[in-house]
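In case you want the letters, here they are:
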Amino acid sequence: MPDIIEFNKISNVYSTDAVRVVKTIRNHNVGLFQQLRGVSVVNGNITDLSPKVKSYIEEKIDLCHPEKIHICDGTDTENNHLIQLMQQQGTIVPLPKYKNCWLARTNPADTARVESKTFICTEDRSETIPTPLDGVKGTLGNWISPIKMQEAIKDRFSGCMRNRTMYVVPFSMGPIHSPLSKIGIELTDSPYVVASMRIMTRMGQAVLQKLQETDEFVKCLHSVGNPVSGFVEMPSWPCDPDRTIILHKPDNNEIVSYGSGYGGNSLLGKKCFALRIGSTIAKREGWLAEHMLILGITNPKGEKRYIAAAFPSACGKTNLAMMTPSLPGFKVECVGDDIAWMRFDKNGQLRAINPENGFFGVAPGTSSKSNPIAMQTIFKNTLFTNVASTSDGGVFWEGMEDELAPGVSITDWRGQKWNKDSKTPAAHPNSRFCTPASQCPIIDPQWEAPEGVPISAILFGGRRPKGVPLVYEARNWRHGVMVGAAMRSEATAAAEHQGKVIMHDPFAMRPFFGYNFGHYLQHWLSMEKRSENLPKIFHVNWFRKNAQGKFLWPGFGENSRVLDWILRRLDNENCAQETPIGYVPSKNGINLEGFQENVDLTELFDVSKEFWLEEVEAIEKYFKQQVGKDLPVEIDEQLKELRKRIEAM
Ligand code: OXD
Ligand code: MN
């Protein structure tokens, strides 16, 4: 079958938008109608595809049997076409209160990442996960063998795109011309994914051009799926929850995702590439791919520093990344809110880029009080998912009560009438906004710097209602790596976990490790050899509560007081006191200028022997049960030393 046949044989273009497509083909293809494996290419030009990209697409056409191929160029025209198509299919509705904003409602069975159905494929199980103690279920990722992965793909993908368009999405994680960036090609049958990838990554023609130079890309295959029964419960959001599977094969730089259209399962540049495959590439190449926000902070003297911070999903990374400091004279600017790719430059300075181009933020809880900057960012060019809508054409979620115009009525995320006496939430707790980062009014001037921004401090944190002080500083890099490994946090709605149990979430990476966590720790420890100027490591906890269950610290903009203390520690200021767990602010160490709240600082910074002995025991048990012989001796030693210091209290 020839790849290019004559233009007059055109027959199979989009029926809804044939004229526009014909125009596109004329523009790009100089009057030629193109095919790949006998399938019409309705947008784009196959001569733009490098041989490696073309053969990847052909292989997947043979597997999935799409009806049409659309090579994405990233233009507004293309996006408008997708928006129109999604409206016709009922996937999105317009939000006329705002400019170019849309609301998608998913199938209620497809609202979050599915960690239990997410696998890493290696020859040997131990490359992917540590071996848990006999009789213990491993919680540090799921392994699948290459044979099983092939079977899973064959079972699900054979012919799964019949009567559908396969979109070819060329995307760059990181600014296209940064040496720290990496390229991917996502093949997907979901226009929602294409429109979201256009926001979350640098997507389109320029990436195909870049691929002519490098020819290296991560292969990403995605289908919303086709249930075996043939019955699609919600045609506006097809998915196959019973057979959903998300597969990663680091040896091939390959991701395969079936059955879910939702965020982290389907926007494959994000968790699958930038974290799981990214962490394996980072290990090979000697850098770090982390679940971290990046912010720049300038003090009243005009001195600016950058900080990276790892918190589990839905624990306030976006709020911190866009913080409005309450401390006079401070300024925070945002580089990224979710992922950091970091490597040491030739001078031993750790530098970070945000590989993403947008924010896929958790909506509930975001308000003019908690995050005014996000509220100034998200009401244009934004794709909302599973939030509630208002009768005046806007959106609503828990936390926006004070921003509702009088007299408007609310429709919940499932499309049912809702009022404040309803027993269910208006917005799904994991509902999201997907919005361009460039719209953030405090986006850092260096956010797209090809060389990345210099990182001076790394923060770990989580939701810890008890026992863990507002902030403490690790004693040194090794101790800091142990602090990251020992991270725990209350479960949130970002994945399928139920209830408020305190879960171990080392480095906030538990759902995102691309390889054995023990080897990951070794990799972090090895950074000691790369620099004499390592960033300092801190642990923060905005969520400590008193005996009555009330938060001890107001959080949000007041967290600038904690960042100020951290900056002063970077300058070696004597504002800390030693405790068995690390350094905490000394009396008067935290700047309380203009602080209006009545806070019990003694309780906030208390380090109790009883609590920390239990904490150490829980960590020891976790490492023993989950990491076993893969735990680096250095980490074991750090934990033993921590125990000794606590016992000596
Ligand atoms: C996210 C997550 O979507 O961590 O960022 O779940
Ligand atoms: Mn995240």
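Nothing here was measured: the structure is a model prediction, and the numbers come from that model.

Peer 1: Please explain the sheet that holds strand β5 (residues 92-94) as it appears in this structure.
Peer 2: Strand pairing in a sheet relies on backbone hydrogen bonds. The paired strands run either parallel or antiparallel. Spatial strand order, β5-β6-β22-β27-β21: five strands in an open sheet with mixed pairing. Each edge of the sheet is formed by a strand with only one pairing partner; in this case those strands are β5 and β21 (358-362). Across the sheet, the mean angle separating the axes of adjacent strands is 20° when strand polarity is ignored. Direction of pairing for strand β22 (residues 383-385) relative to strand β27 (residues 432-436): antiparallel, over a ladder of three bridges. When the sheet's bridge partners are listed, T385 is paired in β27 with R432. Across the sheet, helix α3 (residues 76-89) lies against β5 and β6 (102-104), angled at about 110° from β5, the strand it touches most.

Peer 1: What exactly am I supposed to notice about the state of the cysteines here?
Peer 2: Where two cysteines share a covalent bond between their sulfur atoms, that bond is called a disulfide. Under the counting rule described, the total for this entry stands at zero disulfides. Of all cysteine sulfurs, the one in C434 lies closest to C101, which takes part in no disulfide; the gap is 11 Å. Of all cysteine sulfurs, the one in C220 lies closest to C272, which takes part in no disulfide; the gap is 7.7 Å.

Peer 1: Explain the environment of C72 to me, please; I cannot follow it from the model alone.
Peer 2: Considering the arrangement of structural elements, one finds C72 in the loop between β4 (68-71) and α3. With 96 residues separating them in the primary sequence, C72 and V168 have C-alpha atoms 5.8 Å apart. Every residue in contact with C72, bar those within four places of it in the chain, is listed here: E78, Y167, V168, V169, P170, V194, M203, G204 and Q205.

Peer 1: Would you explain the packing of helix α12 (residues 477-485) against helix α13 (residues 517-526) in this entry?
Peer 2: What describes two packed helices is the angle between their axes and the distance between those same axes. Closest axis-to-axis distance for the α12/α13 pair is 10 Å, and the angle between their directions is 150°. Between α12 and α13, the crossing angle belongs to the class labelled roughly antiparallel. Taken as a pair, α12 and α13 cross one another with a handedness that is right-handed. Contact residues: α12 offers W477, R478, V481 and A485, while α13 offers F517, L521, W524 and L525. Of the residues assigned to the contact of α12 with α13, the class counts are seven nonpolar, no polar and one charged.

Peer 1: Is there a simple way to think about the pattern of salt bridges in this case?
Peer 2: Close approach of charged atoms allows side chains with opposite charge to pair. Applying the stated criterion across every chain, the model contains 37 salt bridges. Notably, a salt bridge pairs K97 with D392, separated by 3.2 Å at the nearest N-O pair. Taken together, the residues K97 in the loop between β5 and β6 and D392 in the loop between β23 (388-390) and β24 (395-396) connect sequence positions 295 residues apart. A salt bridge links E333 to K304, with the shortest nitrogen-to-oxygen separation between them at 2.9 Å. A residue pair is termed long-range when its members are at least 10 positions apart, and E333 in strand β18 (residues 331-336) and K304 in strand β17 (residues 304-310) qualify at 29 residues. Given the relative accessible area of 11%, E333 is considered buried. Accessibility expressed as a relative area gives 32% for K304, which makes it partly exposed. Three or more residues joined by partner-sharing salt bridges are found here, namely K270, K271, K317, D338 and E356.

Peer 1: Could you clarify how one ought to interpret the environment of K420 in this entry?
Peer 2: Here K420 is to be found in the loop between β26 (417-418) and β27. Separated by 188 residues in the primary sequence, K420 and V232 place their C-alpha atoms 32 Å from one another.

Peer 1: I keep staring at helix α2 (residues 51-64) and nothing clicks. Help me out?
Peer 2: For an α-helix the count is 3.6 residues per turn, leaving residues at separations of three or four pointing the same way. For α2, built from 14 residues, the straight-helix expectation of 20 Å at 1.5 Å per residue is met to within 8% by its first-to-last C-alpha distance of 20 Å. Looking only at α2, the buried set comprises V53, Y56, I57, E58, K60, I61, L63 and C64.

Scoring rules and cut-offs
Residues numbered from 1 in each chain as written. Chains lettered and ligands numbered in written order. Predicted model: local features only at pLDDT ≥ 70, side-chain atom pairs only at ≥ 80, totals over all residues. Heavy atoms only, no water. Pairing = 2+ DSSP bridges. Helix = DSSP H or I, 4+ residues; strand = E, 2+ residues; numbered from the N terminus. Axes fitted to C-alpha atoms, helices over the stretch in contact; angles between N-to-C directions. Contact = heavy atoms within 4.5 Å. Disulfide = S-S within 2.5 Å. Parallel < 35°, antiparallel > 145°, perpendicular 65-115°, else oblique. Left-handed = near helix turned anticlockwise from the far one by under 90°. Nonpolar A, V, L, I, M, F, W, Y, C, P; charged D, E, K, R; others polar. Salt bridge = Lys/Arg side-chain N within 4 Å of Asp/Glu carboxyl O. Buried < 20%, exposed > 50% of the residue type's maximum accessible area, 1.4 Å probe, protein only. Expected span 1.5 Å × (residues − 1).

Purely geometric stuff here, so don't read any function into it on its own.
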